[in-house]
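In case you want the letters, here they are:
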Amino acid sequence: MSKMLRNALDFVRARTLRLGRSADAACGDRRSDMLLGVLVLALLSYSWMFSEISVPNERSRVYLAVAMVDHGTLSIDEPVRRYGEIYDRARRDGHYYTDKAPGSSLLAAVPYWVARRFTEPSDWRIHELVNLMRTWVMLPVSLIGFLWLRRFLRRLRLGPPAIDVASLGWILGTSAFHYGSAFYGHQLVAVCLLGALALAHDAERAQEESGRGRAVHLSMLGAGMLAGFAGLTEYQAGIPAAMLALYVVAGPVRKRPLALVTFISGALPFALLLFGYNTLAFGGPLKLSYQFLIDPSLRELHGQGIGGVAAPHWDYAVGGLFSLHRGFFATSPLLLLALPGIVVLWRRGARRLSVLVGAALFYFLLFISSTKIWYAGWGFGPRLLVPVMAWTAVPVAACIDAMERWPIASGFARGLALFGILIHQAVHAVFAELPEGATNPLIDAVLPALRSGHVSPNLISRVFAVHGWKSLLPLAVLVLFAACVVVLRGGRETRRSLRAWWAGTAIATVLLCAVPSMWAKPGWAAHEVKRFTQWMAQLEATEEMLRRPHRP
């Protein structure tokens, strides 16, 4: 009897200690998420584009939101009259429409509707509307995506260093950074697809561990809704959303046919909404805006193949993967680890996940290799690949986790993330939407602009009227903090010597990644660089004028 009692007490004690450690770990995770979330939000909101720069992609989405709220119509005739003509629009039966899928505009209509409860339409200038959407749509969505990714990676039982490096590397060191604060649809799709995958994984865990029907159905409903909204936001997101549906069908939830019905039920309203929008705007559920484009050059580009997508082309593939201004792996070298990471996921038993991410990555790489507009206009990094970058961060994290046992390999991975963070922060702070001709961004634009004392508008220049590189000093402190987390993050018992190995290897990796920019030819001649810096000076002067109170 005493032996049984001792065994029972030992069990209770062990269970209590385990629960205590779990509670401590959960508390530590929450603190880490809160601290890093504040850091990410500060970096995302620190700098923004010059107000005078007309970004048609953003304005076209804003026009539809304004038309719905102020005029109760899908036609953007009145916003075009009020704010000016743009390239990114379509025309049918004498009326103008946005050439974008409507999801982002539907989301943007919410903050604009709230703002209109206290203001008049004439109170708003177009750059103020764009910044409204950047602030109240894109920043919260990107922060949610960052926290969602960290939660999902924990559910996959990856270590804290791998989670920190992969999550910070994704949100700060890839094109997800700029498009996480710019009012485009690509980052919205990335976060929706990530959330849908995370909720589908939650449903599967609930099915396997407890079989609780309510938890399974709620998670599947949310996954379907997010997948459906992704397709409503960008047309090309329909393919990965369908891949996710196959992923769900092949998983343990297939034992619950009703759960699959719930997933479809969550996605179906958004599909019907898209078909309804296409019918009202363009005359049929399967008719797209690309058939009614106004600009001849855009009509020519999108007229090839299906919406501009034709047969793969070698030059497009090389440019989309390795060019210094648009390359998937050149601008965000951390994503190189996705390829071995897919193998790591397979070997660790997450085979369906590895197949899903691998297939989605292949689809998007094939997509940009098959379109003449692979460079996607002004900008930095592969904008058309942003939707798959959140999923890609999952095998990246798995690869980093597997590399932790080798100090040099771990330092190399951390260095790849660090280089991505440094280059993206530098470009974004100077001029995020670089012209297409800046094929060597560091040499063509970043360094000349800094030498001339010209940078994008930012919080410090706006609040304290401090301009030039001096306004970037607080940004440098924030980036340094992020770099320390990425390079030095380890367990409590990590030795100093190990961190020294990580730091040394990471710095060497950053220098190695910078070599192509130093060796490659500049995209601009000296007079073009001078013209660019002079233009930035004019933009800064205009920015000061636009800060003055607006009088309708």
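As the structure is a prediction and not an experimental result, all values here were calculated from the model.

Student: Explain the overall build of the protein here, please?
Tutor: What the protein contains, in helices and strands, is 23 helices and 2 strands. For the protein, the C-alpha radius of gyration of 24 Å lies close to 24 Å, the compact-globule estimate for 552 residues. Taken over the C-alpha atoms alone, the protein extends approximately 90 × 55 × 50 Å along its principal axes. Counting across all 552 residues of the protein, residues that qualify as buried make up 55%. A separation of at least 24 residues holds for 77% of the contacts in the protein among residues at least 6 apart in sequence. Of the roughly 24800 Å² of accessible surface on the protein, 65% is carried by carbon and sulfur atoms.

Student: Would you take a moment to explain helix α15 (residues 338-347) for this structure?
Tutor: The periodicity of an α-helix, 3.6 residues per turn, causes residues three or four places apart in sequence to face the same way. Among all positions in α15, only A338, G341, I342, V344 and L345 are buried. Taken around the axis of α15, the buried residues stretch over an arc of 160 degrees, which confines them to a single face. Among the structural elements, α16 (351-369) and α17 (386-403) are those in contact with the buried residues of α15. Phi for G349, located one or two positions after α15, is positive at around 95 degrees.

Student: Any chance you could explain the packing of aromatic side chains here in plain terms?
Tutor: Remark: the centre distance and the inter-plane angle together describe each pair of aromatic rings, the angle taken between the planes. Summed over the entire model, instances satisfying the criterion amount to 19 aromatic pairs. With centroids separated by 5.6 Å and ring planes inclined at 65 degrees, the aromatic side chains of Y97 and F282 adopt a geometry described as edge-to-face. On the criterion of sequence distance, the pair formed by Y97 in strand β2 (residues 95-98) and F282 in helix α11 (residues 257-282) is long-range, its members being 185 residues apart. The exposure classification of Y97 matches that of F282, with both residues buried. Considering the side-chain rings of F282 and F292, the 5.4 Å spacing of their centres and the 15 degrees angle between planes classify their relative orientation as stacked. With a gap of 10 residues between them, F282 in helix α11 and F292 in the loop between α11 and α12 (296-302) connect regions that are remote in the sequence. Both residues of the pair, F282 and F292, belong to the buried class. Taken together, F50, W378, F431, W524, F532 and W535 form an aromatic cluster joined through their ring pairs. Positioned over the ring face of W406 is R405, at 5.2 Å from the centre of the ring. In this structure, R414 is placed above the aromatic ring of W502, and the distance from its NZ or CZ to the ring centre is 3.7 Å.

Student: Just to check I follow, could you spell out the confidence of the model for the protein for this structure?
Tutor: Detail in the predicted coordinates should be disregarded across regions flagged by low pLDDT. The predicted model of the protein has a mean per-residue pLDDT of 90, with 91% of residues at 70 or higher. Mean pLDDT per element in the protein: α12 is the minimum at 65, and α17 is the maximum at 98. Note on residues 11-24: pLDDT under 50 across the span, and 0 contacts to partners over four residues away in sequence or across chains.

Student: Help me understand the packing of helix α5 (residues 126-155) against helix α8 (residues 186-209) in this model?
Tutor: Axis angle and axis distance: for two packed helices, these are the angle between their axes and the distance between the axes, and together they describe the pair. Interhelical geometry of α5 versus α8 gives an angle of 35 degrees and a closest axis separation of 9 Å. Taken as a pair, α5 and α8 cross one another with a handedness that is left-handed. Between α5 and α8, the residues in contact are V137, M138, V141, S142, G145, W148, L149, R151, F152 and R155 and Q187, L188, V191, L194, G195, L197, A198, L199, H201, D202 and R205, respectively.

Student: Before we go on, may I ask you to explain the pairing of β2 in this structure?
Tutor: Along any regular strand the residues' side chains alternate between the sheet's two faces. As judged from the 4 bridges shared by strand β1 (residues 89-92) and β2, these two strands associate in the antiparallel manner. Within the sheet, the bridge partner assigned to A90 lies in β2 and is Y97. Adjacent in sequence and paired antiparallel, β1 and β2 are bridged by 2 residues, among which D93 carries a positive phi angle near 55 degrees.

Student: Teacher, can you tell me more about the side chain of S47 here?
Tutor: Relative to the assigned elements, S47 resides in the loop between α1 (2-44) and α2 (56-71). Those residues in contact with S47 that sit more than four places away from it in its chain are H428, A429, P457 and N458.

Student: Quick question: what am I supposed to make of the environment of A508 here?
Tutor: Within the secondary structure, A508 is located in helix α22 (residues 496-519). Classification of A508 as partly exposed rests on a relative accessible area of 43%. A508 sits 96 residues away from F412 along the chain, and the two C-alpha atoms are 8.2 Å apart.

Student: Mind showing me how you'd approach the packing of helix α13 (residues 314-322) against α16 here?
Tutor: Their axes nearest at 7 Å, the elements α13 and α16 cross at an angle of 120 degrees. Relative to α16, the element α13 is oriented oblique. Contacts between α13 and α16 involve Y316, A317, G320 and L321 from the former and L365, I368 and S369 from the latter. Residues belonging to the contact of α13 with α16 are distributed by class as follows: 5 nonpolar, 2 polar and no charged.

Student: Is there a simple way to think about empty space enclosed by the protein in this case?
Tutor: Unoccupied space between atoms shows up once a probe the size of one water molecule is rolled over them. This structure, assessed with the given rule, holds 1 cavity of 30 Å³ or more. The calculated volume of the largest cavity comes to roughly 50 Å³. Lining the largest cavity, in full, are S175, F177, H178, F380, H424, V427, H428 and A432. Contributions of two or more residues to the lining of the largest cavity are made by α7 (176-179) and α18 (407-431).

Student: Which parts of the structure should I look at to understand the state of the cysteines?
Tutor: Covalent bonding between the sulfur atoms of two cysteines defines a disulfide. Applying the stated criterion across every chain yields a total of 0 disulfides. With no disulfide of its own, C484 lies 19 Å from the sulfur of C513, the closest cysteine sulfur. Residue C484 is classed as partly exposed on the basis of its relative accessible area of 36%. Take C513: it sits in no disulfide, and the sulfur closest to it among the cysteines is that of C399, at 15 Å.

Student: What exactly am I supposed to notice about the nonpolar core here?
Tutor: What tends to happen in soluble globular proteins is that the nonpolar side chains get buried as a cluster. Counting 140 residues, the largest nonpolar core has W170, L172, L244, F328, L337, I400 and F431 as the members making the most contacts within it. At 14 residues, α17 tops the list of elements feeding residues into this core. Those residues within four positions of W170 in sequence are excluded, and the remaining contacts are G145, F146, L149, A176, Q187, M389, A390 and A393. V62, I76, V141 and F292 belong to the second largest nonpolar core, which has 33 residues in total.

Student: What am I meant to see in helix α23 (residues 526-546) here?
Tutor: Compared with the 30 Å implied by 1.5 Å per residue over 21 residues, the 30 Å span of α23 between its first and last C-alpha is a close match. Residues of α23 that are buried: V529, F532, T533, M536, L539 and E543. Projected down its long axis, α23 carries its buried residues within an arc of 110 degrees, all on one side. Every exposed residue of α23 that faces more than 90 degrees away from the buried side is listed here: K530, R531 and Q538.

About the criteria used
- Residues numbered from 1 in each chain as written.
- Predicted model: local features only at pLDDT ≥ 70, side-chain atom pairs only at ≥ 80, totals over all residues.
- Heavy atoms only, no water.
- Helix = DSSP H or I, 4+ residues; strand = E, 2+ residues; numbered from the N terminus.
- Rg over C-alpha atoms; globule rule 2.2 N^0.38 Å.
- Buried < 20%, exposed > 50% of the residue type's maximum accessible area, 1.4 Å probe, protein only.
- Contact = heavy atoms within 4.5 Å.
- Areas by Shrake-Rupley, 256 points an atom, 1.4 Å probe, with all protein chains shown as cover.
- Arc of directions from axis to C-beta.
- Phe/Tyr/Trp six-rings, centres within 6.5 Å; stacked < 30°, edge-to-face > 60°.
- Lys NZ or Arg CZ within 6 Å of the ring centre and 35° of its normal.
- pLDDT = per-residue confidence, 0-100.
- Axes fitted to C-alpha atoms, helices over the stretch in contact; angles between N-to-C directions.
- Left-handed = near helix turned anticlockwise from the far one by under 90°.
- Pairing = 2+ DSSP bridges.
- Parallel < 35°, antiparallel > 145°, perpendicular 65-115°, else oblique.
- Nonpolar A, V, L, I, M, F, W, Y, C, P; charged D, E, K, R; others polar.
- 1 Å grid on protein atoms, 1.4 Å probe; cavity = no way out; pocket = protein on both sides within 12 Å on 5 of 7 lines; lining within 4 Å.
- Points joined across faces, edges and corners; volume = space filled by probe spheres on them.
- Disulfide = S-S within 2.5 Å.
- Core = buried A, V, L, I, M, F, W, Y, C linked by side-chain atoms within 4.5 Å.
- Expected span 1.5 Å × (residues − 1).

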